[in-house]
Amino acid sequence: MSVPQMQIPEADALLQDVITNEQAQFFLDNGFLILRNVVVGEELRLLQEQTMKVVEVGIAGGGDEDFLYRDRKNGDRVYWRTEYIINKQSVNKALLAHPFILRSVEKLQGKNFIPTWDSLVVKIPDQAASVPWHRDAAVPEGCTDPRPIFNVDFYLDAADLKSCLWVIPGSNHWDAAASVERCLLPGFDFTDAVPVPMNPGDVIFHNIQLLHGSPEGEGNALRRTVYYEFRPGEIEAEFGPHTLEYLALKQHMLVDCIQLRKQAAYTRGEKPFVYNPDGAFAIGEKQTPKTYRYPHNHYWRS
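First, a word on what this report is: a plain description of the structure on this page.

Reading guide: rules and limits
Residues numbered from 1 in each chain as written. Predicted model: local features only at pLDDT ≥ 70, side-chain atom pairs only at ≥ 80, totals over all residues. Heavy atoms only, no water. Pairing = 2+ DSSP bridges. Helix = DSSP H or I, 4+ residues; strand = E, 2+ residues; numbered from the N terminus. Axes fitted to C-alpha atoms, helices over the stretch in contact; angles between N-to-C directions. Buried < 20%, exposed > 50% of the residue type's maximum accessible area, 1.4 Å probe, protein only. Contact = heavy atoms within 4.5 Å. Polar contact = N/O pair within 3.5 Å; in protein donor to acceptor, adjacent residues only side chain to side chain. Core = buried A, V, L, I, M, F, W, Y, C linked by side-chain atoms within 4.5 Å. Phe/Tyr/Trp six-rings, centres within 6.5 Å; stacked < 30°, edge-to-face > 60°.

So, the sheet that holds strand β9 (residues 194-196)
Stage number 1. An order of β6-β11-β8-β9 is seen for the 4 strands of this open sheet, with the pairing classed as antiparallel. Since the sheet does not close on itself, it has two edges, and those belong to β6 (131-134) and β9, each with one partner. Neighbour-to-neighbour, the strand axes of this sheet turn through a mean angle of 30°, independent of strand direction.
Stage number 2. Examined bridge by bridge, strand β8 (residues 165-167) and strand β11 (residues 212-214) share 2 bridges and lie antiparallel to one another. Looking across to β11, one finds that tryptophan 166 is bridged to glycine 213.

Next comes the structure, spelled out in structure tokens:
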């Protein structure tokens, strides 16, 4: 397989406090951005240790409704994903509040951003099921707000050409018909696509409209990725899909996770992120979350 060449800028969380204007523009133009050295040291070790317990449950087939599976070409059913990972592990609560990430989200979406989806996605060694070309979602119909809706992908393991994400740069700007046509090509077609190899602790920002996927793996190592999605509050309030109640609950959850991160031993000396939404999104009196699991289907707009 020939690998396309592309000049891809990279942010480095050890050298900067937030993504630069140039890095932000690359993301807006191309739909993805690589951020190196975001999760390091003890935090990375704990994430690897705690998520492995979830993976073991998934492989054994003993999980609840939050554990999802995919079918491989040979018919094998393999563990693939666990939803609501923030609710399941303390280190993932603190991860949501990572200050470099939140400052960068704020730069791209504004101060009224909302955390929405949270998942752990897994490729089992030598059993990676293909993830066909797809968009995670579409921008709501009628929305003209240019701010991106995107996922933050935290890599807990290395991802080489056997297991990494492939993306089609700029496809976040394609219309729906062009995206559908591209996704219908037979097999996992690599035309115009570039691979995004990652190291443990690295992060990818990817726009929900970016076409991305990965071929079925043989000889692949374990790959665990934590996905957190963020949306500008103004877009979510006007178009959904969640209710306004959901937005407020997730805001208070974020505030609580920021406080939990401050208490973690591995964040000593770190400058915490200050979440200060305004207007209709102002927090008001802090509310302690009763749960960290807010099922989406309980908060869809009718």
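Considering the pairing of strand β7 (residues 150-155)
Stage number 1. When you tally the buried positions in β7, you get 6 out of 6 residues, the bulk of the element.
Stage number 2. Taking every second residue as pointing to the same face, both faces of β7 are buried, with Phe150, Val152 and Phe154 on one and Asn151, Asp153 and Tyr155 on the other.
Stage number 3. Relative to strand β10 (residues 203-207), β7 runs antiparallel, the two being bridged by 5 bridges. Looking at β10, one finds that phenylalanine 154 is bridged to valine 203.
Stage number 4. In this sheet, strand β12 (residues 223-232) lies alongside β7 in antiparallel orientation, the contact comprising 6 bridges. Each residue of the ladder has a partner; that of phenylalanine 154, found in β12, is valine 226.

A few points about the environment of aspartate 136
Stage number 1. When you line up the elements, aspartate 136 lands in the loop between β6 and β7.
Stage number 2. Taking relative accessible area as the criterion, aspartate 136 reaches 34% and is therefore assigned partly exposed.
Stage number 3. A sequence separation of 68 residues divides aspartate 136 from leucine 68, and the C-alpha atoms of the two residues are 16 Å apart.
Stage number 4. In this structure, aspartate 136 is in contact with Asn151, His206, Ile208 and His212, ignoring residues within four places of it in sequence.
Stage number 5. Within the structure, aspartate 136 has its side chain in polar contact with the side chain of asparagine 151 (distance 2.9 Å).
Stage number 6. A distance of 3.2 Å separates polar atoms of two side chains, one belonging to aspartate 136 and the other to histidine 212.

Digging into the sheet that holds strand β3 (residues 67-71)
Each strand in a sheet pairs with its neighbour through backbone hydrogen bonds, running either in the same direction (parallel) or in the opposite one (antiparallel).
Stage number 1. Strand order in the open sheet formed by 8 strands is β1-β2-β10-β7-β12-β5-β4-β3, and the pairing between neighbours is mixed. Every other strand in the sheet has two partners, leaving β1 (10-12) and β3 as the edge strands with one partner each. Within the sheet, the average angular offset between the axes of one strand and its neighbour, ignoring direction, is 25°.
Stage number 2. Strands in contact with helix α1 (residues 21-30) are β1, β2 (32-36), β7 and β10; relative to β2, the strand with the most contacts, it is inclined by about 140°.

So, the side chain of asparagine 92
Stage number 1. Note on placement: asparagine 92 falls in helix α4 (residues 90-96).
Stage number 2. Aside from chain neighbours lying at most four places away, what touches asparagine 92 is Leu47, Thr51, Ile85, Ile86, Val226 and Tyr228.

With respect to the nonpolar core
Stage number 1. If you look at the biggest cluster of nonpolar residues, it comprises 77 residues, and the most contacted ones within it are Leu35, Val38, Ile101, Val152, Phe154, Phe205 and Tyr228.
Stage number 2. A total of 7 residues in this core trace back to one element, the largest contributor, which is helix α8 (residues 244-263).
Stage number 3. Excluding its chain neighbours within four sequence positions, the residues that come into contact with valine 38 are Ala13, His98, Phe100, Ile101, Phe154, Gly201 and Val203.

Some thoughts on the pairing of β3
Stage number 1. In the sheet, β3 pairs with strand β4 (residues 77-83) via 5 bridges, with the strands oriented antiparallel. Its bridge partner being in β4, phenylalanine 67 is matched across the sheet by threonine 82.
Stage number 2. Between β3 and β4, which pair antiparallel one after the other, the connecting turn spans 5 residues, and glycine 75 there sits at a positive phi close to 95°.

Section: unusual backbone geometry
Stage number 1. The linkage connecting glycine 240 with the following residue, proline 241, adopts the cis geometry, with an omega of 20°.
Stage number 2. Inspection of the secondary structure puts proline 241 in the loop between α7 (233-239) and α8.
Stage number 3. Unlike most non-glycine residues, asparagine 37 shows phi in positive territory, near 55°.
Stage number 4. Within the secondary structure, asparagine 37 sits in the loop between β2 and α2 (41-60).
Stage number 5. The exposure class assigned to asparagine 37 is partly exposed, which follows from its relative accessible area of 28%.
Stage number 6. With a phi angle near 55°, tyrosine 84 is a residue other than glycine that sits in the positive phi range.
Stage number 7. With respect to the secondary-structure elements, tyrosine 84 resides in the loop between β4 and α3 (85-88).

Examining the packing of aromatic side chains
Stage number 1. Taken as a whole and assessed by the stated rule, the structure comprises 14 aromatic pairs.
Stage number 2. An angle of 70° between the planes, with centres 5.1 Å apart, marks the rings of phenylalanine 27 and phenylalanine 150 as edge-to-face. One end of the pair, phenylalanine 27, is in helix α1; the other, phenylalanine 150, is in strand β7, and 123 residues separate them in sequence.
Stage number 3. According to the relative accessible area criterion, phenylalanine 27 is buried, its value standing at 1%.
Stage number 4. By relative accessible area, phenylalanine 150 is classed as buried at 0%.

Don't take any of this as a statement about function, it's just geometry.
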